[in-house]
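If you want the building blocks of each chain, they are given just below.
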Amino acid sequence: MEQKDYRPMWKELGLNLEGHDQLLAVLGKAYKDIYLSQENRPKGMQYLDFVISEAHGLRIEELMETKKKGNKVVGTFCVYVPEELILAVGGTCVGLCAGAEIGIDEAEKVLPRNTCALIKSFMGFKLAGLCPYIQASDLVVGETTCDGKKKAYEILNDYKETYVMEIPQMKTERDRALWRGEVVQFKEKVEEIAGRRITPENLRQGIKTANDKRRALQRLSTLRKAIPSPISGLDALLVNQIAFYDDPLRFTKSIQALCDELEDRAKNGVGVVKNRTPRILMSGSPMAVPNWKIPFIVETSGAIVVAEESCVGERSTRDLVKEDGKTLDDMIEAIVDRYMKIDCACFTPNEERIGHIRDLAKEFKADGVIHYNIQFCTPYSMEAYKVEKGLQQKGIPTLKIESDYGMEDAGQLKTRIEAFLEMVRG
Amino acid sequence: MRTAGIDIGSRTIKLVVVEGGEMVSSLLEETSHDPLEQCKRLMGQTYFDRILATGYGRHLFEIQFDVPIVTEIKAFARGAKAIFPKCRTVLDIGGQDTKAIALDEKGSVSRFEMNDRCAAGTGIFLEVIAKTLGYNIDEFGIEAMKVQENVQINSMCTVFAQSEVTSLMARGKKREEIARGVHQAILTRSLSLLKRVSIEKEIVFAGGVARNPCLRFLLAETLGEKILVSPNPQLIGAFGAAMIAQELGK
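None of the values given here were measured: they were computed from a predicted structure.

Q: Tell me about the overall build of chain B, residues and numbers included.
A: For chain B, the helix and strand inventory stands at nine helices and nine strands. Here the C-alpha radius of gyration of chain B, 18 Å, is about what a compact globule of 250 residues would show, namely 18 Å. Overall, chain B is about 60 × 40 × 30 Å in size when its C-alpha atoms are taken along their principal axes. Relative to its full complement of 250 residues, chain B shows a buried share of 49%.

Written out as structure tokens, the structure reads:
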């Protein structure tokens, strides 16, 4: 099929066309090498292949069309931003580009060198003019999940208006009250930019749409418990990544269809690997597109990733918003409750996360856990110690990895991961 | 059965042939710019029924010859255990990696740590600094043993350490004391890696850097333990791989 020429649209969005062409060429090659080289992929993944190929094309065109109709696009970086409120006013919530080592020279003009790769990446994408999503956004929403992001948003705000939500650091009643205040204030902000009121009717629909998406992802997750797993960890990660920027209704439908296929596979004992392939639970920092480095190394070293204890994974899909609320207040309370359950490493104490990781390891029959944190991500790198200790108590082998988006440590990581798998196999 | 282990390291390639649990042949070549050619040359000099590859270049070898591979970590653990049956800890310092490995009673790897990405404190680091000080690599450790005092070296990055050493010489510091300081710095770094896994007896020091007498001495002195080093510590990985190859067919 002839690719449509999106250059006029990209130009209109103020993208740096030359740099953007290079980015797409690199991404296309990486996707081919990492994704299309996999064997025995489910047919349902073709939809995801298509979405990826049109991530900067058709999907952006859709966003521009919805904007023409007066609907708003809200760009986010975190699972803490309540998508339900954005959906309620007919808006679209999109995750912004933050997964590639790009625009580093630009980013380092405003950020210190020793900054987490994700922060450097989103700043680089913005300053180098390479992310069509942030260009198309009517509002960017940041949050105070870590010091790096918090301070970076102050700088990002100079280039694109950034609204920041305050995330509490503990889970007491006082913290809940603070978060409730944030949700209510965000609701008002969303109403203001959309020029539309949030009503019980449209919020109920927003909650349902977001929950349906999570339900589809939960179903996918459950199907990966089958031995052998009917889908690779790389493909499942991709589904979770695309969940952040695809149209939610179409996405949900496509993932349910994918799950039907996986269910058939599981029933017939069809998997993407052999029965005795070591099963790995990934845990830690989120992996944004195209950060596929660690799962790629794991899965090309003879293991399979069966779950992601991460914001791009279980942390974003585990909990639903209660749907039985009658009044707007009920629904707001339900949203507040749901988001307070997120076990981000920015909380203290965060024992529930250790419990969740143990549960996941057990439920998914993981042979080992690989804890990954982005270098300079203090919350996750500090918490890695407690995670490892908690897992060791249960006799679950754990490998801690600290890395970034660069490839210069790939050789050493491969040796460490292979040695870990040798250990797990016994 | 004659099995071979080939350890394709960043600096040298080692080939060991084992028969009946004994090392019957060992060969070593520079890795050079064409490691596969060097591998072929080594393999042409001996014979074996089966071969298993390890080391930095194992994947290259695997693709070329379609043979099984193991990581250096498993290979060194196996090799050390075969030579020193009571071994529980292995420190392996090779050309560009340092690894600390803890073994359980049976000899399986129970924990390991390795340097993340930088070659600080490894063989290549020693080579570069020895050259800066005007020593060849074989005399470097011996010369460093001749003094008691050492000059503190603060930088472990090869590039920075080299300029640090250069400026220390310019300030008239004794060459042997700088050499001793460099060894001390490598020891400190290796110890922190070791402490993260275990320092349980018996401790085996392996890899090319284990040939350095000053490091062997400092390690034993600091830990207050006997450090076991085989006559050719750089062969332990290839030997371990050959031993694993013995067990594969069973």
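Q: Talk me through the environment of B:Phe160; I want residue IDs and the actual numbers.
A: Its location among the elements puts B:Phe160 in helix H6 (residues 158-170). Spatially, the C-alpha atom of B:Phe160 lies 22 Å from that of B:Arg11, the residues being 149 residues apart in sequence.

Q: Could you give an account of the interface of chain A and chain B, with specific residues and numbers?
A: With 11 residues of chain A at the interface, the matching set in chain B holds 12 residues. Of the residues that constitute the side of chain A that touches chain B, the class distribution is two nonpolar, four polar and five charged.

Q: Tell me about the pairing of strand E8 (residues 203-206) of chain B, and name the residues and values.
A: All names here are of chain B. Residue alternation in E8 divides its side chains into two sets, Ile203 and Phe205 and Val204 and Ala206, and both sets are buried. Two elements, E8 and strand E9 (residues 227-228), share two bridges in a ladder whose sense is parallel. Residue Ile203 lies in a different strand from E9, and its bridge partner there is Ile227. Remark: the E8/helix H8 (residues 213-223)/E9 crossover connection has right-handed handedness.

Q: With reference to specific residues and values, describe unusual backbone geometry.
A: Here the amide bond leading from A:Thr348 into A:Pro349 is cis, since omega sits at -10°, within 30 degrees of zero. As for its position among the elements, A:Pro349 is in the loop between helix H16 (328-340) and helix H17 (351-363). That bond from B:Lys201 to B:Glu202 is cis: its omega, -5°, falls within 30 degrees of zero. Position of B:Glu202 among the secondary structure elements: in the loop between helix H7 (175-197) and E8. Although it is not a glycine, B:Ser32 adopts a positive phi angle of roughly 65°. Looking at the secondary structure, you find B:Ser32 in the loop between strand E3 (22-30) and helix H1 (35-43).

Q: Describe helix H12 (residues 233-242) of chain A, and please don't skip the residues or the numbers.
A: Extensive coverage of H12(A) is indicated by the burial of 10 of its 10 residues. Check the buried side of H12(A) and you find it contacts helix H2 (17-36), helix H3 (45-53), helix H11 (200-223), helix H13 (248-267), helix H14 (293-299) and strand E6 (304-309) of chain A.

Q: So what's going on with the sheet that holds strand E3 (residues 139-143) of chain A? Residues and values would help.
A: Residue and element names in this part refer to chain A. Reading across from one edge, E2-E1-E3-E4 is the order of the four strands in this open sheet, with parallel pairing throughout. Of all the strands in the sheet, just strand E2 (92-95) and strand E4 (162-165) have a single pairing partner and so form its edges. For this sheet the average axis-to-axis angle between neighbouring strands, irrespective of direction, equals 30°. For strand E1 (residues 73-76) and E2, the ladder comprises four bridges, and the chain directions are parallel. The residue of E2 that forms the bridge with Val74 is Cys93.

Q: Explain the sheet that holds strand E8 (residues 398-403) of chain A to me, using residue names and the numbers behind them.
A: All names here are of chain A. One open sheet accounts for four strands, arranged E6-E5-E7-E8; its pairing is parallel. Here the strands that pair on one side only, and so sit at the sheet edges, are E6 and E8. When strand polarity is set aside, the average angle formed by the axes of neighbouring strands in this sheet is 25°. Across six bridges, strand E7 (residues 368-374) lies against E8 in parallel orientation. Residue pairing in the sheet places Ile374 in a bridge with Ser403 of E8. On top of the sheet, helix H19 (residues 410-425) reaches E7 and E8; it is set at about 170° to E8, its chief contact.

Q: So what's going on with the packing of helix H5 (residues 137-144) of chain B against H8(B)? Residues and values would help.
A: Residues and elements named next belong to chain B. Between H5 and H8, whose axes approach to 7 Å, the crossing angle comes to 40°. Overall, the two elements H5 and H8 adopt an arrangement that is oblique. Every residue of H8 that contacts H5 at Gly141, Ile142 and Ala144 is listed here: Pro213, Cys214 and Leu215. Along the lines of polarity and charge, the residues of the contact of H5 with H8 split into five nonpolar, one polar and no charged.

About the cut-offs
- Residues numbered from 1 in each chain as written.
- Chains lettered and ligands numbered in written order.
- Predicted model: local features only at pLDDT ≥ 70, side-chain atom pairs only at ≥ 80, totals over all residues.
- Helix = DSSP H or I, 4+ residues; strand = E, 2+ residues; numbered from the N terminus.
- Rg over C-alpha atoms; globule rule 2.2 N^0.38 Å.
- Buried ≥ 20, exposed ≤ 12 C-beta atoms within 10 Å, placed from the backbone.
- Contact = placed C-beta atoms within 7 Å.
- Nonpolar A, V, L, I, M, F, W, Y, C, P; charged D, E, K, R; others polar.
- Pairing = 2+ DSSP bridges.
- Right-handed = clockwise from strand over helix to strand, strands pointing away.
- Axes fitted to C-alpha atoms, helices over the stretch in contact; angles between N-to-C directions.
- Parallel < 35°, antiparallel > 145°, perpendicular 65-115°, else oblique.

What is shown is where atoms sit, not what they do.
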